[in-house]
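Report on the structure
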Amino acid sequence: RAIPPRKLVLPELGLSSKQLAVLANVRDDLVFKSAKELDESTRNSATVLTPALIELVCEELNLNVEFSPQTLPLLQDNQLSKDPLHPRMPVVTVMGHVDHGKTSLLDALRKSDVADHEVGGITQNVAAFRVPIDGNNREEAHSKFATFIDTPGHAAFKSMRANGTIATDLVVLVVAADDGVMPQTVEAGNLARAANVPVIVAINKCDMPGADPERVRYQLLESLGINTEQLGGDVQCVDISAKNGTNLPQLLEAISLQAEMLDLKSDPSARGAGICLESRLDRAFGSVATVVVRSGILKPGQHVVFQSPKALRGDLFGRIRSLVDRNGTQLDVVEPGVAAGLIGLRDPIPPGAEFCVEVNEKAARAKSQEMLARNVEATVTIELANSLCAEREEK
Ligand code: GDP
Ligand code: MG
């Protein structure tokens, strides 16, 4: 009779295939090979695996795995109310190969940021901005907007994933018309697909002499299965020049259309919750965390607690002193789909940390302490794995 597989109790977050191998007492290369096959973004044996991937790997190796709860389901108790849902802004991330013009595109778009023309702000420290997307005048009170994440690239995209939720609604995939589809283009396209986030293609540098947008569209179809409208597919694709500002209104229109199709809704009466994109230190304001609200609303004076998969810490909580836009203007309320700089926590918040609003300081502290206890347990297991890894290497 077959021996039933040994049950492994693992922390959900922070384990690499090397660490998993020692804890499971199997060969490193077996675990890595399996992880790599299941998810090609697994670079090496030190790459941290997601809980979902750990489960798949363990299944393949016939290991019985159970996760010790390490994170609190912050967002789960957001019971939807019976109030009508409100439409909300889309959150957009720009991705693509290096030098294809991500930063240039963001620079060009930022020029239409509502707040950016004013002076004396904390522009450098809030990593998101808002752009009107319906072609209306920027002063128009009912103009539709999109939130753009100001740090392009894969790391930013990944940091917006926490516990299976992602704070990006759509990706603008920038491809240079003269260079075409490159490795990071493919990587970005695959990341977006894996996260189920729709893509709009911006073929950039169309002002260049060697520009061949048509060739890029065929490359996208071949290497990523991205079938653009020009080739009869349903992926919107706009030929732009970030340098000259060509067709940027058309790109914004495409974003507006895609957002409408997604029919993004939010429940302002739900508990306030969201994700931290990054945090920076500001001379005047101290720690400024750029947060994106996913549900409910944020207001100054509320108590919030953050939970970070990276720092394995549970003591990130505090009272919101103020919420600001890039210009340093105080915001009375921050709604879903909107990013803001959150000021009031003493310590920097790691990217990817989730937060939720608690009723008072006592509740925030209690939740934070529970997280800390769970993380201590995880840290012990990870330290054990590290010492086992060191032993293995000595042999
Ligand atoms: P990133 O690495 O994707 O952020 O790319 P950058 O925005 O830094 O751009 C890389 C280079 O391409 C810079 O020298 C830009 O000036 C140039 N560039 C960006 N957009 C355009 C464009 O639309 N036309 C031309 N001709 N050059 C561009
Ligand atoms: Mg750049």
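Being a predicted model, the structure only gives us computed values, none of them experimental.

**Some details on the overall build of the protein chain**
Check the secondary structure of the protein chain and you find nine helices and 19 strands. Out of the 395 residues in the protein chain, the part that is buried amounts to 50%.

**Some remarks on the confidence of the model for the protein chain**
Interpretation of the predicted coordinates at a detailed level should be avoided for regions scoring low in pLDDT. In this model, the protein chain carries a mean pLDDT of 85, and residues with pLDDT of at least 70 account for 85%. The ipTM value of the predicted complex is 0.99, and its pTM value is 0.79.

**Focus: helix α1 (residues 17-24)**
Across the eight residues of α1, seven count as buried, placing the element largely inside the fold. Within α1, burial applies to S17, Q19, L20, A21, V22, L23 and A24. Residues of α1 that are buried sit in contact with β1 (7-11), α2 (28-38), α3 (51-60) and α9 (361-394). Immediately beyond the C-terminal end of α1, within one or two residues, lies N25, with a positive phi of roughly 60°.

**Looking at a nonpolar patch on the surface**
Together, L372, V376 and V380 line one region of the surface with nonpolar side chains, adding up to about 240 Å² of accessible area. In this structure, V376 sits in helix α9.

**Points about the environment of S104**
Structurally, S104 is set in helix α4 (residues 102-110). Taking the relative accessible area as the measure of exposure, S104 reaches 38% and is therefore partly exposed. Spatially, the C-alpha atom of S104 lies 9.8 Å from that of N204, the residues being 100 residues apart in sequence.

**Focus: the packing of aromatic side chains**
In total, this model carries two aromatic pairs according to the counting rule given. Plain terms: the ring middles of F306 and F355 are 5.4 Å apart, the flat faces sit at 45° to each other, and that makes the pair tilted. Of this pair, F306 sits in strand β15 (residues 303-307) while F355 sits in strand β19 (residues 354-358), placing them 49 residues apart in sequence. We classify F355 as buried; its relative accessible area is 0%. Sitting over the ring of F145, R130 keeps its end group 4.1 Å from the ring centre.

**Some words on the site of ligand 1**
Around ligand 1 there are 15 residues in total, and D99, K102, T103, S104 and D207 lie nearest to it. Here an oxygen atom of ligand 1 sits 3.0 Å away from a polar atom, N or O, in the main chain of G101. In the model, an oxygen atom of ligand 1 is placed 3.3 Å from a nitrogen or oxygen of the S241 side chain. Within the complex, the protein chains bury 73% of what would otherwise be the 570 Å² of accessible surface of ligand 1.

**Some remarks on unusual backbone geometry**
With a phi close to 70°, D99 is a non-glycine residue in the positive phi region. Positive phi, normally seen in glycine, also occurs at N247, with a value near 65°. Considering the arrangement of structural elements, one finds N247 in the loop between β11 (237-239) and α8 (248-262). Residue class for N247 comes out partly exposed when judged on its relative accessible area of 29%.

**Notes on the sheet that holds strand β6 (residues 145-149)**
With mixed pairing, the six strands of this open sheet are ordered in space as β5-β6-β4-β9-β10-β11. Only two strands of the sheet have a single neighbouring strand rather than two, namely β5 (128-132) and β11. Between one strand and the next, the sheet's axes are offset by a mean angle of 30°, whatever the strand orientation. Strand direction decides the pairing type here: strand β9 (residues 170-176) and strand β10 (residues 199-204), joined by six bridges, are parallel. Bridged to A176 within β10 is N204. The sheet contacts of helix α7 (residues 213-224) involve β9, β10 and β11, and relative to β9 the element is tilted by about 125°.

**A word on the side chain of Q258**
Along the polypeptide, Q258 turns up in helix α8. Among the residues examined, Q258 registers a relative accessible area of 10% and is labelled buried. Excluding anything up to four places from it in sequence, Q258 contacts L170, P198, I200 and Q236.

**Topic: the side chain of S295**
Position of S295 relative to the elements: it lies in strand β14 (residues 286-295). At a separation of 3.0 Å, a polar atom in the side chain of S295 contacts the main-chain carbonyl oxygen of R271.

**Some remarks on the sheet that holds strand β16 (residues 316-319)**
Spatial ordering of the open sheet is given by β16-β15-β19-β13-β14-β18-β17, a layout of seven strands whose pairing is antiparallel. The two strands at the open ends of the sheet, each matched to only one other strand, are β16 and β17 (322-324). Recorded for the sheet is a direction-independent mean angle of 35° between the axes of neighbouring strands. Contacts from α9 reach β15, β16 and β19, with the element oriented near 10° to β15.

Parameters at a glance
- Residues numbered from 1 in each chain as written.
- Chains lettered and ligands numbered in written order.
- Predicted model: local features only at pLDDT ≥ 70, side-chain atom pairs only at ≥ 80, totals over all residues.
- Heavy atoms only, no water.
- Helix = DSSP H or I, 4+ residues; strand = E, 2+ residues; numbered from the N terminus.
- Buried < 20%, exposed > 50% of the residue type's maximum accessible area, 1.4 Å probe, protein only.
- pLDDT = per-residue confidence, 0-100.
- Contact = heavy atoms within 4.5 Å.
- Patch = residues over 30% accessible without salt bridge, like charges linked within 9 Å, V, L, I, M, F, W, Y side chains within 5 Å.
- Areas by Shrake-Rupley, 256 points an atom, 1.4 Å probe, with all protein chains shown as cover.
- Salt bridge = Lys/Arg side-chain N within 4 Å of Asp/Glu carboxyl O.
- Phe/Tyr/Trp six-rings, centres within 6.5 Å; stacked < 30°, edge-to-face > 60°.
- Lys NZ or Arg CZ within 6 Å of the ring centre and 35° of its normal.
- Near = heavy atom within 4 Å.
- Polar contact = N/O pair within 3.5 Å; in protein donor to acceptor, adjacent residues only side chain to side chain.
- Pairing = 2+ DSSP bridges.
- Axes fitted to C-alpha atoms, helices over the stretch in contact; angles between N-to-C directions.

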